[in-house]
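For reference, the chains in residue letters:
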Amino acid sequence: MSLEPSIVEHSSNRSSMPLRTWIVCGLMLLATMLNYMDRQALSQQAAEIRTELKLTNEDYGKLETGFGIAFAVGGVATGFLVDRFSLRWMYPAVLLMWSAVGFATGWVTDYRELMICRVLLGFAEAGQWPCALAASQRLLSRSNRALGNSILQSGASLGAIATPLVILWLNHPSGDGSWRLPFRVIGALGVVWVAAWLTIIRPHDLTIQEEEAAPAGDDDRGAAVVDRATQVRRFVALIVVVIAINVTWQYFRAWMPMMLQKEHGYDDATVQWFSSAYYIAAGVGCLVVGFLARSLVSRGWSVHGARMAMFVGCVALTALGCVAAYLPASPLLLILLLAVGFGSLGQFPTYYAFTQEISTRGMGKVTGVFSFVAWIAVAAVMGPIGRWIDQTGSYAAVTLLAGLAPVVAALALSALWRPSNTEP
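The rules we used
The residue numbering used here restarts from 1 in each chain and proceeds along that chain's sequence as written. Where local features are concerned, this predicted model is filtered to residues with pLDDT of at least 70; where side-chain atom pairs are given and counted, the filter is 80 or more; whole-chain, interface and lining totals use all residues. The basis for every side-chain value is the complete set of non-hydrogen atoms in the structure, without hydrogens or water. Comment: elements are numbered from the N terminus, with helices defined as DSSP H or I runs of at least four residues and strands as E runs of at least two. Exposure categories follow from relative accessible area, calculated using a 1.4 Å probe and restricted to protein chains: below 20% of the type maximum is buried, above 50% is exposed, and the middle band is partly exposed. Residue contacts follow a heavy-atom distance rule, with two residues in contact if any of their heavy atoms lie within 4.5 Å. Using a 1.4 Å probe, the Shrake-Rupley method yields the accessible areas, and only the shown protein chains count as cover for residues. Only centres within 6.5 Å qualify two rings of Phe, Tyr or Trp (six-membered ring in Trp) as a pair; their planes then separate them into stacked at under 30 degrees, edge-to-face at over 60, and tilted for everything else. On a range of 0 to 100, pLDDT expresses the predictor's confidence in each residue. Every helix has an expected span of 1.5 Å times one less than the residues it contains. Residues belong to one nonpolar core when they are buried, are Ala, Val, Leu, Ile, Met, Phe, Trp, Tyr or Cys, and are joined through side-chain atoms within 4.5 Å. Every case where a carboxyl oxygen of Asp or Glu lies within 4 Å of a side-chain nitrogen of Lys or Arg is listed as a salt bridge. Between N-to-C directions, angles cover 0 to 180 degrees, with each direction set by a line fitted to C-alpha atoms, over the stretch in contact for helices. Any angle from 65 to 115 degrees is called roughly perpendicular, while one under 35 is roughly parallel, one over 145 is roughly antiparallel, and all others are oblique. Side-chain classes are defined by residue name, with Ala, Val, Leu, Ile, Met, Phe, Trp, Tyr, Cys and Pro counting as nonpolar, Asp, Glu, Lys and Arg as charged, and the others, Gly among them, as polar. Each polar contact in these results corresponds to two N or O atoms within 3.5 Å; when the atoms are within protein, one needs to be able to donate a hydrogen and the other to accept it, and residues that are neighboring in sequence are counted only if both atoms are side-chain atoms. Crossing handedness: left-handed means the near helix sits turned counterclockwise from the far one by under a right angle, and right-handed means the same turn made clockwise. Residues forming no salt bridge and having over 30% relative accessible area are the ones grouped into patches, like charges within 9 Å of each other and nonpolar side chains (Val, Leu, Ile, Met, Phe, Trp, Tyr) within 5 Å.

Caption draft 1: Here's a closer look at the overall build of the protein chain. From N to C terminus, the protein chain includes 17 helices and 0 strands. A burial count over the protein chain gives 60% of its 424 residues as buried. Within the protein chain, residue pairs in contact and separated by at least 24 positions form 84% of the contacts whose partners lie at least 6 positions apart. Of the roughly 15,900 Å² of accessible surface on the protein chain, 69% is carried by carbon and sulfur atoms.

Caption draft 2: Highlighting unusual backbone geometry. Notably, Lys54 is not glycine yet its phi reads approximately 60 degrees, a positive angle. Within the secondary structure layout, Lys54 lies in the loop between helix H3 (46-53) and helix H4 (57-82). On the basis of relative accessibility, which here comes to 71%, the residue Lys54 falls in the exposed class.

Caption draft 3: Main features of the packing of aromatic side chains. Tallied over the entire structure, the rule returns 19 aromatic pairs. Geometrically, the ring pair formed by Tyr36 and Trp249 is edge-to-face, given 6.2 Å between the ring centres and 65 degrees between the ring planes. Linking Tyr36 in helix H2 (residues 19-43) with Trp249 in helix H11 (residues 228-263), this pair joins segments that are 213 residues apart in sequence. When the centroid spacing of 5.2 Å and the interplanar angle of 75 degrees are considered together, the rings of Tyr251 and Phe252 count as edge-to-face.

Caption draft 4: Layout of the side chain of Arg307. By the secondary structure assignment, Arg307 is in helix H13 (residues 303-318). Setting aside its immediate chain neighbours within four residues, Arg307 contacts Arg142, Thr350, Ala353, Phe354 and Glu357.

Caption draft 5: Region of interest: the confidence of the model for the protein chain. Across the protein chain, pLDDT averages 84, with 88% of residues at or above 70. Per-residue pLDDT stays below 50 along residues 1-16; that stretch engages in 34 contacts with residues further than four places along the chain or on separate chains. Within the model, pLDDT remains below 50 along residues 210-223, and this stretch shows 33 contacts once partners closer than five positions in the same chain are excluded.

Caption draft 6: Looking closely at H2. Along its 25 residues, H2 runs 36 Å from first to last C-alpha, staying within 8% of the 36 Å computed at 1.5 Å per residue. Across the 25 residues that make up H2, a large majority, 19, are buried.

Caption draft 7: How the structure looks around the environment of Val303. Note that Val303 resides in helix H13. The sequence separation of Val303 and Ala146 amounts to 157 residues, and the corresponding C-alpha distance is 9.5 Å.

Caption draft 8: The arrangement of the nonpolar core in detail. With 115 residues, the main nonpolar core has Met28 and Trp255 as its most contacted residues. At 16 residues, H11 tops the list of elements feeding residues into this core. Listed in part, the 7 residues of the second largest apolar core include Ala146, Val289, Ala293 and Leu296.

Caption draft 9: Examining the pattern of salt bridges more closely. On inspection of all chains with the given rule, the structure shows 6 salt bridges. The partner of Glu52 in a salt bridge is Arg180, and the shortest N-O contact between them spans 3.1 Å. Of the two residues, Glu52 is situated in helix H3 and Arg180 in helix H9 (residues 180-200); the sequence distance between them amounts to 128 residues. Taking the relative accessible area as the measure of exposure, Arg180 reaches 14% and is therefore buried. For Glu58, the salt bridge is made with Arg387, and the minimal N-O distance between the two is 3.3 Å. Highlighted residues: Glu58 in helix H4 and Arg387 in helix H16 (residues 363-392), separated in sequence by 329 residues.

Caption draft 10: How the structure looks around the packing of H4 against H16. Where H4 contacts H16, the two axes come as close as 7 Å, and the packing angle between them is 175 degrees. By the angle between their directions, the pair H4 and H16 is classed as roughly antiparallel. Across the contact of H4 with H16, the residue classes break down as 15 nonpolar, 11 polar and 5 charged.

Caption draft 11: Focus on the environment of Asp267. Within the fold, Asp267 resides in the loop between H11 and helix H12 (268-298). Among the polar contacts listed, one links the side chain of Asp267 to the backbone nitrogen of Thr270, at a separation of 2.8 Å.

Caption draft 12: Spatial organisation of the packing of H4 against H11. Between H4 and H11, the shortest axis-to-axis distance is 11 Å and the interhelical angle comes to 160 degrees. Between H4 and H11, the interaxial angle falls into the category roughly antiparallel. Once H4 is placed against H11, the crossing between them reads as right-handed. Residue-level contacts link Asn57, Tyr60, Gly61 and Glu64 of H4 to Arg253, Ala254, Trp255 and Met258 of H11.

Caption draft 13: Spotlight on H4. Here H4 spans 36 Å end to end across 26 residues, near enough to the 38 Å set by a 1.5 Å rise per residue. Where H4 begins, the side chain of Thr56 points an oxygen toward the backbone nitrogen of Glu58, at a separation of 3.3 Å.

Caption draft 14: Up close: a nonpolar patch on the surface. Together, Ile69, Val73, Met97, Phe123, Phe372 and Ile376 make up an exposed nonpolar region whose accessible area comes to about 470 Å². Elements supplying a minimum of two residues to the nonpolar patch: H4 and H16. By the secondary structure assignment, Val73 is in helix H4. With a relative accessible area of 40%, Val73 lands in the partly exposed category.

Caption draft 15: Quick peek at the environment of Phe103. Take Phe103: it is sitting in helix H5 (residues 87-105). Here Phe103 falls in the partly exposed class, since its relative accessible area comes to 35%.

So this is what it looks like as structure tokens:
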């Protein structure tokens, strides 16, 4: 199949899913992968960085807080820009910004400089989601969005899988400051992505078509036209969901490596290898959810029913963190953590599909607002988490709460989100 015709020319027949659509989804997967590699390079090397820069757990928690607040602000700012300017230029611009900051992190010399880099990184990295979700919304039909979102979201697990391996490859245990090289290498990879994006995406790709901007019903192109009260209930439901699932995912991303080292006594190499296994499980969960949701729809399920079934199943797996919180170092502990990773990332594709029901022309703003709320919540808890661990020497209580948070999200969706009457 030729790659020459533009995506826009094919958008009227989305059920055929042209090759270029999947290529762009693949590029967004790679962007998510780089996004998480730049972010994860800190948590995967936290023990070494804390030692060299003389940081406490509370200092580390404050770094996560700074990153989270900046991410929240950056999401709103980028979201408004995405709705006004061409995605062809917005996407590579924000990716170059976060890559440059990640690269610069390899030269920090103290806590202050590291905090500045984390704040700038958070602000720039927030642009990934308004850009990616606006693009997938414009590219994919309603029944295909859970699958498309699972593809781009799986880049998070791929990045998290790759980061420990890159660190093991580049770091030298006997060399001081060897943690700096992974930041530089990962940051430099952003230039390659930008070149690929600008080569594939043409000036008129990813524009909003008029028939998409004003959907007439709950069909395969857009969201249903619903009354304001229903929209408010859906918005509130998604606020609860985005806070709960992000707190859970970000807690395990930021604190699990240190928990395994400090509380359970695993050595550094074991933690790096297990971290890769954890994110493999997360990536598999993300993709399985997308494929199963699409399969259920093809078997006669409603789109809403398929999404809810996948979301609740993932919540049940994430809740196993409540058991893992009180287990000693053991194979069972590691198995339960793998299940948590599977469920935790698997919640995101269906959440993204729900957000894409809220607006078409305002997708960037919607994504930015949800991102802002989620990351303010994440930022608010990271400092207290670090202080609690410093005071108690235990991760158990916060691990328990992180496992339970998505249960609240499932209850909110069940209570507040009802499918429109036009959906079978």
